[in-house]
Amino acid sequence: MNLNELKNEKTTVTIAGEEVEVKRGDAVKDTLTRILQEKGIDSFTILVDGDEVTSTDSLPATFDGHDIEVERYVKAGC
């Protein structure tokens, strides 16, 4: 397998309970930004390998080898 094959392999991320297919080699930050904008989600929590990410600087570069989930953030009482 070469690097180009790895970049084209697919994986899934869970966004607000829905599985979304992405390429393993795609940039996490840019891809999540695009998908969240398309879905109209502007308040959320990101989990990478089960741990909450508090800064976009902590996101992995690509999806390869990571379990990524985005949950809608809903303020209590709203």
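Residues numbered from 1 in each chain as written. Predicted model: local features only at pLDDT ≥ 70, side-chain atom pairs only at ≥ 80, totals over all residues. Heavy atoms only, no water.

1. Regarding the overall build of the protein
Within the protein, the regular secondary structure consists of two helices and five strands. If you list the helices and strands of the protein from N to C, you get α-β-β-α-β-β-β. Long-range contacts, defined here as pairs at least 24 residues apart, represent 49% of the contacts in the protein between residues at least 6 apart. Element-wise, carbon and sulfur atoms account for 43% of the exposed surface of the protein, whose accessible area totals about 5300 Å². (Helix = DSSP H or I, 4+ residues; strand = E, 2+ residues; numbered from the N terminus. Contact = heavy atoms within 4.5 Å. Areas by Shrake-Rupley, 256 points an atom, 1.4 Å probe, with all protein chains shown as cover.)

2. Thoughts on the environment of L32
Mapped onto the elements of the fold, L32 is located in helix α2 (residues 28–39). Measuring from C-alpha to C-alpha, the distance between L32 and V13 comes to 9.4 Å, with 19 residues separating the pair along the chain. The contact partners of L32, leaving out residues within four places of it in the chain, are I15, I46, F63, I68 and V70.

3. Topic: α2
Taking 1.5 Å of rise per residue, the twelve residues of α2 would be expected to cover 16 Å, and the 16 Å separating its terminal C-alpha atoms lies within 8% of that figure. When α2 is considered as a whole, its buried residues turn out to be V28, T31, L32, I35 and L36. Along the axis of α2, the buried positions cluster into a sector of 125°, meaning they face one direction only. When the buried face of α2 is taken as reference, the exposed residues oriented beyond 90 degrees from it are D30, Q37 and E38. In this fold, the buried residues of α2 make contact with β1 (10–15), β2 (18–23), β3 (44–48) and β5 (68–72). At the C-terminal side of α2, G40 shows a positive phi close to 70°. (Expected span 1.5 Å × (residues − 1). Buried < 20%, exposed > 50% of the residue type's maximum accessible area, 1.4 Å probe, protein only. Arc of directions from axis to C-beta.)

4. Comments concerning the side chain of T11
Looking at where T11 falls in the secondary structure, it is placed in strand β1. Take T11: its relative accessible area is 16%, and that puts it in the buried class. In this view, T11 contacts V20, E21, V22, R24 and F63; residues no more than four positions away in its chain are not counted.

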